[in-house]
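Tertiary structure, described
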Amino acid sequence: MPRLPTLSLSILVPVSIFILYLGLVCGEYVYEHAEINEQLASRQSEQIQKDLFRMRHVVESSMLTQDYERLEQEVALVSTDQNMMVYVILDAESKIRFANHIIWRESNATNVLEGYSASLHRSVITSNKLYLKVNFDRLSIQVYYPLNSNSNSNYSYSNSVELIYLEYDIANTLAEAVDSLLKRFMEVWGIGALLLSLFCVMLHYLLIRPITQLSLAAKNIDSPDFNTDIICSSTELINLRDYLNQVNGRLCRSKKRLNDAEQRWLFAVEGARNGIWDWCIATGDVFVSDRWKDILGYKPYELDNDYSVWESRLHRDDKAQVLNTLQNYINNQHEYYESVHRLRHKDGRYIWILDRGKIVEWDESGQPLRIIGTITDVSGDVKNQHITNEKQNNNGLTDLINREVLADELYDLQVFSRKTGQFSALLMINLDNLKLINDALGRQLGDRLLMQIAARLSGTFSSAGLVARLGADEFVILAKNFGHDIDQANKRALALASEVRQLIGRSFTISDQHLSISARIGLVIFDGIESLEPQILLARVDSALEQAKDSRSNGCATYQAELDKDQIQPFKLQNELKLAIDNRQMSLMYQPVVDQAGQLNSVEVLMRWYHPQHGYISPRKFIAAAELSDCIFELELWALDQVCDLIKQLQQQNEIVPLMSLNVSSRHFHQEHYANVIINRINKAQISPKLFQFELAEDVFVVNAKVARSKIAELQRYGVNIAMDNFGGGSCAVHLLQGVGFSQVKLAAVYLEDIEFNPEIFNIATAVVEFATNLNFPVVAKQVENKQQLNLLTHAKCTWFQGYIISRPLNQDDIIQLIKTQLSLSVVR
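Residue positions are counted from 1 within each chain, in the order its sequence is given. Local features in a predicted model are, by the rule used here, given only for residues with pLDDT of at least 70; side-chain atom pairs are given and counted only at 80 or more, and totals for whole chains, interfaces and linings are based on all residues. As a convention, hydrogens and water are excluded, and side-chain values are obtained from all of the structure's heavy atoms.

Strands pair in a sheet through their backbones, by hydrogen bonds, and they do so in one of two ways: parallel or antiparallel. Strand order in the open sheet made by the 5 strands is E7-E6-E10-E9-E8, with antiparallel pairing throughout. Pairing within the sheet leaves two strands with one partner each, and these edge strands are strand E7 (286–288) and strand E8 (337–344). Ignoring which end each strand starts from, the neighbouring axes of this sheet average 25 degrees apart. Taken together, the 7 bridges between strand E6 (residues 274–280) and strand E10 (residues 368–377) define a ladder with antiparallel strand orientation. If you follow aspartate 278 over to E10, its bridge partner there is isoleucine 372. For two strands to be treated as a pair, DSSP must find no fewer than two bridges joining them. Here a strand is any run of E in DSSP of at least two residues, a helix any run of H or I of at least four, and the numbering for each starts at the N terminus. Lines fitted to C-alpha atoms define the axes here, with helix axes fitted over just the stretch in contact, and angles between the N-to-C directions of these axes take values from 0 to 180 degrees.

This is the structure we're talking about:
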């Protein structure tokens, strides 16, 4: 559209006032013109009605006495009024009996009178009501006046005349009134225009001219020619002038600060590791900073601002995935854009970069228009993971960081802390369920996940210290400068650990797979005064990491000296677990599951490990350690064989065998041939699969839920019962359970904490039980410790119960005795 011309205030204001005044005058004229027309028409109508009323009596009297001459005289008298266009007296047949024009007599009114309507004539006679209409289009008053008011009167003349029809011309009357009105308004307009002109002149000198000068000054407020030496006559304009002077002063100061900030920003951008890119999606234009070009080995003037500059440098093995990830983010399928991939350097080699972006502009329909992001060269940090160029095409990981290198870094960090007096920290990060992801999706995808985690950590925290991958699913961060106060150092280290957990907790997208993984972090804070061997620091952080796996630690724990007491490290557990079965250190315990009447329904099989040096080791610890290695497979198969032997023993004694429920780790369950191995073992023992129930954890559905459901269906076809442990614990989305039928679900123990003291917890537990019941899942309340809990869970309509108030875990002899007697475990409620 062409731009409209602008007008100055000195012209616009007077013109606007003149137009407003003209509009008001014209409006008033139109209004009064209409008002005068109405008044004149109304006045004339009233006069006509009075005359007609008198004429009615004349007509009645004349018709009664048959004095037609008098009637003709009266009509002739009316005709003397020059404005009377039509005045006729009609009979019932619309025949004109008397008229102001003789030529119309004895004629039919329909034929000779233009404005006459026979139907309206009949309507007026029928209603016996006057019809009067002021027609401003014809400038006339039209009247139908009935004469026969009483057809039953002694002097009825219905067969002679019945209606007076007239049409009165009001054009001359209205024209005279309008001429008078126009003359009066011309006088008012002339005087008003003169006063308005004087007002506009005063307005210009007192208001418009100072405002125009102030506007010009405001336009040049940031120029050296700024001048507000303007004479103003009002307080408001004086205040505005003073305010412009203040704004000019602030603007000068702001320009200086902005210039300083711009210089600092340019220095920070160029000095940082990050290269900046700005992509306009609509046009394909891409701005890349000098640092972005420098990362790829180019001079600031060597690359064009074009989308192809970036896309053409993507590694061919990474290109499809990177473009797909970016497009999914643009399509709002991901919350953010982040990718770890390779870009071609100027010298032909490929470097690893961490690429992040964010949409900053949308169009009116909500479609993205612009993305701004950064790239970080993480090649120098990823080399700590020793990802070799030879194996990049296979996305493989080779040797991990050498512990001797880490030991040297720990020595140097202690020296730094000792010299500066500031505390440093060692963080050990353990990834949850990495082995499960490797087993379910393949090690290649798991390695890509590790690469992204490494790049994300190094891109965010490498400035704080060393970031390196230490073990199969462990990373370490060496951080310094935590201050001189131990309490403050602990708080800052925990804050850093929390930030690390949040960073890892953000979902990853790899080969169109959306993966979520969590982490546990152990911390050791040291000041270097006590020179410690790196092995001691690693042992301490390992102890803290073990403590962080406790559900009450929120995933982070700082090393405390008491953690060393009677503590056996996880890596030692893994080595000794391999010998535990052969040395007969492992055993099984059996805990009954009963209904409300105390009748035995099933038995949960529990593992126990008695270590000759450390005594009984918590199943929580040794099961977690076993899952980090392949020991978990051997342990669970050993437990299955032991249960098969127990069932055979009971069957030989002709006892009724209850359902035997074994816990299955998600790692073991996701092994490719798990179902075949299990069924072969059960068939080899010649035992019905219907006597077995496998308890699965919620996280079995987190990775490859489709495959998990398929394996469950396969086992159920053989007759094996499948149960879910820790139901409602929050590790699994409910929709993933669709299509799975469980023989029972065990209520998460978290719902029993303080259930007897907190009604809200009871209400939540009741809702979870009702939800499971609606899905046809019988609910087992486990870890029931006291009578009050038992009563509450009974009211919550749990199906079965398990816990120390029912029975402690029993050894093999005791469970055989219980099964033989089939005693009801009665509980005093």
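How two aromatic rings sit relative to each other is set out by the distance from centre to centre and by the angle between their planes. Here a Phe, Tyr or Trp ring, Trp counted by its six-membered ring, pairs with any other such ring whose centre lies within 6.5 Å, and the pair is stacked when the planes are under 30 degrees apart, edge-to-face when over 60, and tilted otherwise. Within this structure, the stated rule accounts for 10 aromatic pairs. Centre to centre, the rings of phenylalanine 727 and phenylalanine 771 are 6.3 Å apart; their planes meet at 15 degrees, and the pair counts as stacked. Pair noted here: phenylalanine 727 is in strand E23 (residues 721–727) and phenylalanine 771 is in helix H22 (residues 759–774), with a separation of 44 residues, a long-range link. By relative accessible area, which is 5% here, phenylalanine 727 ends up buried. For every residue, the accessible area obtained with a 1.4 Å probe (protein chains only) is divided by the maximum for its type, and the residue is called buried under 20%, exposed over 50%, and partly exposed between those limits. You can call phenylalanine 771 partly exposed: its relative accessible area is 33%. With 6.4 Å between their ring centres and 85 degrees between their planes, phenylalanine 727 and phenylalanine 777 make a pair best called edge-to-face. Taken together, the positions of phenylalanine 727 in strand E23 and phenylalanine 777 in the loop between H22 and strand E25 (779–781) put the pair 50 residues apart, joining distant regions of the chain. For the pair formed by phenylalanine 727 and phenylalanine 777, the shared burial category is buried. The rings of Phe701, Phe727, Phe742, Phe771 and Phe777 are connected pair by pair, giving a single aromatic cluster.

Once that is clear, we can look at empty space enclosed by the protein. Think of a 1 Å grid over the protein atoms and nothing else: a 1.4 Å probe that fits but is trapped marks a cavity, an open set flanked by protein within 12 Å on at least five of seven lines marks a pocket, and residues with an atom within 4 Å of a point count as lining. Grid points are joined across faces, edges and corners, and a volume is the space filled by probe spheres set on the points. In this structure the tally under the stated criterion is 3 cavities of 30 Å³ or more. In this structure, the largest cavity occupies an estimated 100 Å³ of space. Residue lining of the largest cavity: Trp277, Trp279, Val286, Val288, Trp292, Tyr307, Trp310, Leu326, Tyr337 and Asp355, and that is the complete set. At the level of secondary structure, the elements contributing two or more residues to the lining of the largest cavity comprise E6, E7 and helix H8 (307–311). When the residues that make up the lining of the largest cavity are grouped by side-chain class, the tally is 9 nonpolar, no polar and 1 charged. Taken as a whole, the second largest cavity holds about 70 Å³ of empty space. Lining the second largest cavity are Glu636, Leu637, Leu640, Leu662, Asn663, Val664, His668, Tyr674, Ile678 and Phe694. At the level of elements, helix H18 (631–652), strand E21 (659–664) and helix H20 (674–684) are the ones that each hand at least two residues to the lining of the second largest cavity. Under the scheme applied, nonpolar residues are Ala, Val, Leu, Ile, Met, Phe, Trp, Tyr, Cys and Pro; charged residues are Asp, Glu, Lys and Arg; polar residues are all the others, including Gly. Its residues assigned to classes, the lining of the second largest cavity comprises 7 nonpolar, 2 polar and 1 charged.

Attention now goes to the packing of helix H17 (residues 619–627) against H18. At their nearest, the axes of H17 and H18 sit 6 Å apart, and the two run at 120 degrees to each other. As the angle between them shows, H17 and H18 are arranged oblique. Along the contact surface, H17 presents Ile623, Ala626 and Glu627, while H18 presents Cys631, Ile632 and Leu635. Of the residues that constitute the contact of H17 with H18, the class distribution is 5 nonpolar, no polar and 1 charged. Oblique is the label for any angle not covered by the other classes, which are roughly parallel (under 35 degrees), roughly antiparallel (over 145) and roughly perpendicular (65 to 115). Pairs of residues are marked as contacts when any of their non-hydrogen atoms sit within 4.5 Å.

Looking now at the sheet that holds strand E13 (residues 474–479). Spatial strand order, E12-E13-E11-E16-E17: 5 strands in an open sheet with mixed pairing. Of all strands in the sheet, those bounded by a partner on one side alone are strand E12 (465–471) and strand E17 (556–558). Going across the sheet, the axis of each strand differs from the next one's by a mean of 20 degrees, ignoring polarity. Examined bridge by bridge, strand E16 (residues 519–526) and E17 share 3 bridges and lie parallel to one another. By the bridge assignment, leucine 523 is partnered in E17 with threonine 558.

Purely geometric numbers; function is a separate question.
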